[in-house]
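Okay, here's what each chain looks like letter by letter:
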Amino acid sequence: MPKKKLKIFIAGHKGMVGSALYRNLQKDKSRMSKFELITKDRSELNLLNQKDVNDFFENKKLDQVYLAAAKVGGIFANYNYPAEFIYENLLIELNIINAAFKSGVKKLLFLGSSCVYPKYASQPISENQLLSGLLEKTNEPYVLAKIAGIKLCESYNRQYGKRYGIDYRCVMPTNLYGVGDNYHSLNSHVIPGLIKKFHLAKINEYKTVKVWGSGKARREFLYVNDLAKACIFIMNLNKRTYKSNTMPTQSHINIGSGEEISIRQLALLIQKEVGFKGKVIFEINKPDGTPRKLIDSAKINKLGWTPSVKLKQGLRYTYNDFKKKYLKKIG
């Protein structure tokens, strides 16, 4: 009798991270015969509706879940829509994690964010610095929702892990960019926002481009395809190995590139990649956010995963994707 295929649900499969997970799982030819990928877009499943989520999980009898669905945005979006960011992200996490448990899902991977760490965390930021200091105010509601997601997974593991055999894991990726990013003028993250801004300045022959903040803040960036591979790697780690490298109340694992760059340097790199010849002006009256954010990825590196795409190469991939797929959509 043939072995039953695993049913793997990617929540948020149309987002940048979810679509990267989908592409990489599809490419895993050696395991394709062992699992079935299941996806639902917003018109088919409202993740904010508890009943809809419960019914979906009960009907599908899933085995694994990648929880990549979230309401995301840059500094502007987080600053202007704090209620939406905390409310929607909490609902998504509560609905999916609880429905997964109630329907018998044994393995789940929750994607957090490195912004969960304190604003003035020592660098590089290790996993044990979670909840050790004050958070960055500009995105605090989003961050609190993400911390709640981590603690939800840990709480379900602690209360139900031995009895029901569940294994819910958490990863904390650094700042992400790449294919499928959001290029909205106000709600995008820094890399897609700068790519669009410099491109439009080039084609419209503007003399200057303004960049939010002083440019002094330093950030680490990871190409989304590398994150997807890391998530699949963590999901498929032996349970004993994962548990021996984490703790019941500190069960998350960082995922970063190890490359750190100032926003000023980043802007100039993107300016060069796009080919904008004008002047770059940094708006020092606008907030920088966290001064520095470099996470410590020693744990996942020791376990056997390392990134493969360097920042300059990733920016080229991303700009090419922007030109090829998104220009007609965003105007």
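See the structure printed just above.
What you see is a predicted model, and the numbers here were worked out from it, not measured in a lab.

Calculation rules
Residues numbered from 1 in each chain as written. Predicted model: local features only at pLDDT ≥ 70, side-chain atom pairs only at ≥ 80, totals over all residues. Heavy atoms only, no water. Core = buried A, V, L, I, M, F, W, Y, C linked by side-chain atoms within 4.5 Å. Buried < 20%, exposed > 50% of the residue type's maximum accessible area, 1.4 Å probe, protein only. Helix = DSSP H or I, 4+ residues; strand = E, 2+ residues; numbered from the N terminus. Contact = heavy atoms within 4.5 Å. 1 Å grid on protein atoms, 1.4 Å probe; cavity = no way out; pocket = protein on both sides within 12 Å on 5 of 7 lines; lining within 4 Å. Points joined across faces, edges and corners; volume = space filled by probe spheres on them. Nonpolar A, V, L, I, M, F, W, Y, C, P; charged D, E, K, R; others polar. Pairing = 2+ DSSP bridges. Axes fitted to C-alpha atoms, helices over the stretch in contact; angles between N-to-C directions. Phe/Tyr/Trp six-rings, centres within 6.5 Å; stacked < 30°, edge-to-face > 60°.

## Quick notes on the nonpolar core
Counting residues in each nonpolar core, the largest one holds 42 residues, and the members touching the most others are Phe9, Phe57, Ile96, Leu108 and Tyr168. At the level of secondary structure, the elements contributing two or more residues to this core comprise strand E1 (6-11), helix H2 (50-60), strand E3 (64-67), helix H4 (82-103), strand E4 (107-111), helix H5 (140-164) and strand E5 (167-173). With sequence-adjacent residues up to four places away left out, Tyr168 is seen in contact with Ile97, Ala100, Phe101, Val105, Lys106, Lys107, Leu108, Cys153, Tyr156 and Asn157.

## Re the layout of surface pockets
In this approach the atoms are scanned with a rolling probe the size of a water molecule, which exposes any empty space left behind. Volume-wise, the second largest pocket comes out at about 350 Å³. For the second largest pocket, the lining is made up of 14 residues, of which Asn157, Arg158, Lys239, Lys243 and Pro248 are closest to its centre. The set of elements that each furnish at least two residues to the lining of the second largest pocket consists of H5, E5 and helix H8 (239-244). The element best represented in the lining of the second largest pocket is H5, accounting for four residues. Tallied by class, the residues present in the lining of the second largest pocket amount to five nonpolar, four polar and five charged.

## Comments concerning the pairing of strand E7 (residues 208-212)
Here E7 shows a clear split, with Val209 and Val211 buried on one side and none of Thr208, Lys210 and Trp212 buried on the other. Bridge count for E7 against strand E11 (residues 279-283) is five bridges, and the pairing is parallel. In the strand pairing of E11, Val209 is matched with Val280.

## A word on unusual backbone geometry
Residue Pro124 is bonded to the preceding Gln123 through a cis peptide linkage, with omega at -10 degrees. Looking at the secondary structure, you find Pro124 in the loop between E4 and H5. A positive phi angle, near 55 degrees, is found at Lys61, a position not held by glycine. Turning to its location among the elements, Lys61 is positioned in the loop between H2 and E3. Given the relative accessible area of 43%, Lys61 is considered partly exposed.

## Side note on the sheet that holds E4
Spatial ordering of the open sheet is given by E2-E1-E3-E4-E5-E9, a layout of six strands whose pairing is parallel. Each edge of the sheet is formed by a strand with only one pairing partner; in this case those strands are strand E2 (35-38) and strand E9 (252-255). The mean inter-strand angle of the sheet, taken between neighbouring strand axes irrespective of direction, is 20 degrees. The sheet contact formed by E5 and E9 spans four bridges and is parallel. Among the inter-strand pairings, Met172 is bridged to a residue of E9, identified as Asn254.

## Here we look at the packing of aromatic side chains
This model, assessed by the stated rule, comprises 14 aromatic pairs. Both rings, one in Phe101 and one in Tyr160, keep their centres 4.1 Å apart while their planes meet at 20 degrees; by these two values the pair is stacked. A residue pair is termed long-range when its members are at least 10 positions apart, and Phe101 in helix H4 and Tyr160 in helix H5 qualify at 59 residues. Residue classification places Tyr160 among the partly exposed positions, given a relative accessible area of 23%. Seen in terms of ring centroids, Phe198 and Phe276 are 5.7 Å apart; in terms of plane orientation they differ by 45 degrees. Their pairing is tilted. Here Phe198, found in helix H6 (residues 190-203), pairs with Phe276, found in the loop between helix H9 (263-274) and E11; they are 78 residues apart in sequence, far enough to count as distant.

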